[in-house]
Amino acid sequence: MKNIFSSKIGIIITGALIGIIAVLLQTAGNPPNMGICVACFERDIAGALGLHRAAVVQYLRPEIPAIVLGSFITSFIMKEYRPRAGSSTIIRFFLGVFAMIGALVFLGCPWRALLRLAGGDLNAITALLGLAAGVAIGVAFLNNGYSLGRSYSNRNASGWLFPAFMLALVLLNIFPVSFSEGGPVFHSETGPGSMHASVWASLGAGLLFGFLAQRSRFCTMGSIRDIILARDFHLISGVAALLVTAFIGNLVTGAFNPGFTNQPVAHSAHLWNFLGMLLAGLAFALAGGCPGRQLILSGEGDADAGVFVLGMIAGAAVSHNFSLAGKPDAVKEGVYAVGGIGPWGQAAVLAGILLCLVIGFTMREKLTVRP
Amino acid sequence: MAENKIDARGLSCPQPVVLTRKAIDAGLTSLEIMVSSEVSKENVLRALGTGKFTAEVSRNGDDIIITAVK
């Protein structure tokens, strides 16, 4: 059966629908310019589980598990579900950790960068430039033989275990349990973690994202990578469609507010927005997919992608526990104070970039074509 | 020209395309590329199309084999 979603029209429709659904999620209660953000939502899940204790960002976001489950169901029906594992797993875990650390400096994954831009947040331009720079470095490594090696077919449990874990998170949201006095599952009462659509809206949207992105192979990092690597504009057409529909949606809903300052859940520390997303982009390129794509792959049975996602969740915990995450701009006593990151965050970004460069240089195979 | 084989089975995106493009850039006009997933197949076919190759797809168990000539 031909896959209509992997055609040019298909990926444009996918991007357009993601943009529309994201804006709808914003009107349904998700935070402004954050209809869907894989990094922020994984961070919120980490918070809900008590892996970090930043009280304003704790909620078991159903969108993340729903994307994985949507991909799992779709790939199963379309016979693309293939349990596989074994491609430099520990490296992928740490790439996930540092991708999240980088993204949380900017306060968004590439999907959110696009939504922030569509909402008028010009800091997203700085971030997207950083993302592109990181991806470009990744492409240089790819063209010089960088490879994490092949994965191998695995037996069934290796494929469904991660989707099952995601299902457990959904159930934990729908049937809340308090495991101990003052313990998880946490649910923010103020701040971004307290802003969310209804469980059913989030689940429905996530399942739809999962289906669309699995069929269309949607990948924001890949869209930039393919232009640099192969002058291929296929994926970027889907990304552009997302930007256009989200922008129109924000105009219609009155959520468009252009500028660098006073942006929701955002800061205007330009250097670190750039460098944070450079780290994220490089890590995504080395791991073969943006965070949304990693969720899709994990639903298809790719255990290495599952480990990357677990790395991102762990990275979110590290980010907040060790004061690495970006702080939004704020008005203090009538004075506008630019947020950003402190010295630990800066050190972590630089260490992460260094680690990714080491991985890029050392994980190389000679690129030969056997005659 | 001798048929050139590329074993891209189990490799994650974008390795199969990177290997294909290296072969195309090296001037090879006859290729056999093995991949493990529909996604890799779609991506490699797109790269071959851009390189003005015509391709045929066959399967051998779990492996997808793409034979292409310019």
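In this text the structure is predicted, and so the values were computed from the model without any measurement.

Asker: Just checking my understanding: could you explain the overall build of chain B for this structure?
Answerer: A count of helices and strands for chain B gives two helices and four strands. Helices (α) and strands (β) of chain B occur, in sequence order from the N terminus, as β-α-β-α-β-β. By the compact-globule yardstick of 11 Å for 70 residues, chain B fits well, its C-alpha radius of gyration being 11 Å. On the principal axes, the C-alpha backbone points of chain B span a range of 30 × 20 × 15 Å. Here chain B, with 70 residues, has 47% of them falling under the buried criterion. For chain B, restricting intrachain contacts to residue pairs at least 6 apart in sequence, the fraction spanning at least 24 positions comes to 58%.

Asker: For this particular structure, what's the right way to read the interface of chain B and chain A?
Answerer: How large an interface is tends to be reported as the accessible area lost when its parts come together. The partner chain A presents 26 residues to the 25 residues of chain B that form the contact. By residue number, the principal contributor to the side of chain B that touches chain A is helix H1 (residues 15-25) of chain B, which donates six residues. Of the residues in the side of chain B that touches chain A, the class split is twelve nonpolar, five polar and eight charged.

Asker: Is there a simple way to explain the packing of helix H9 (residues 220-230) of chain A against helix H10 (residues 234-253) of chain A in this structure?
Answerer: Helix packing for two helices is described by the angle between their axes and how far apart those axes are. All names here are of chain A. Packing of H9 against H10 leaves a shortest axis separation of 7 Å and a crossing angle of 135 degrees. Our classification of the angle between H9 and H10 gives oblique. Crossing of H9 against H10: the hand is left-handed. Contact residues: Thr-220, Gly-222, Ser-223, Asp-226 and Ile-227 in H9; His-234, Leu-235, Ile-236, Gly-238 and Val-239 in H10.

Asker: Help me understand the pairing of strand S4 (residues 63-69) of chain B, please; the structure alone is not making it clear to me.
Answerer: In summary, the side chains of a regular strand alternate between the two faces of the sheet. Residue and element names in this part refer to chain B. Burial along S4 is one-sided: Ile-64, Ile-66 and Ala-68 are buried, while Asp-63, Ile-65, Thr-67 and Val-69, pointing the other way, are not. Pairing between strand S2 (residues 30-35) and S4: six bridges, direction antiparallel. Note that in S4 the partner of Leu-31 across the bridge is Ala-68. Relative to S4, strand S3 (residues 54-60) runs antiparallel, the two being bridged by seven bridges. When the sheet's bridge partners are listed, Arg-59 is paired in S4 with Ile-64.

What counts, and where the lines are drawn
- Residues numbered from 1 in each chain as written.
- Chains lettered and ligands numbered in written order.
- Predicted model: local features only at pLDDT ≥ 70, side-chain atom pairs only at ≥ 80, totals over all residues.
- Helix = DSSP H or I, 4+ residues; strand = E, 2+ residues; numbered from the N terminus.
- Rg over C-alpha atoms; globule rule 2.2 N^0.38 Å.
- Buried ≥ 20, exposed ≤ 12 C-beta atoms within 10 Å, placed from the backbone.
- Contact = placed C-beta atoms within 7 Å.
- Nonpolar A, V, L, I, M, F, W, Y, C, P; charged D, E, K, R; others polar.
- Axes fitted to C-alpha atoms, helices over the stretch in contact; angles between N-to-C directions.
- Parallel < 35°, antiparallel > 145°, perpendicular 65-115°, else oblique.
- Left-handed = near helix turned anticlockwise from the far one by under 90°.
- Pairing = 2+ DSSP bridges.

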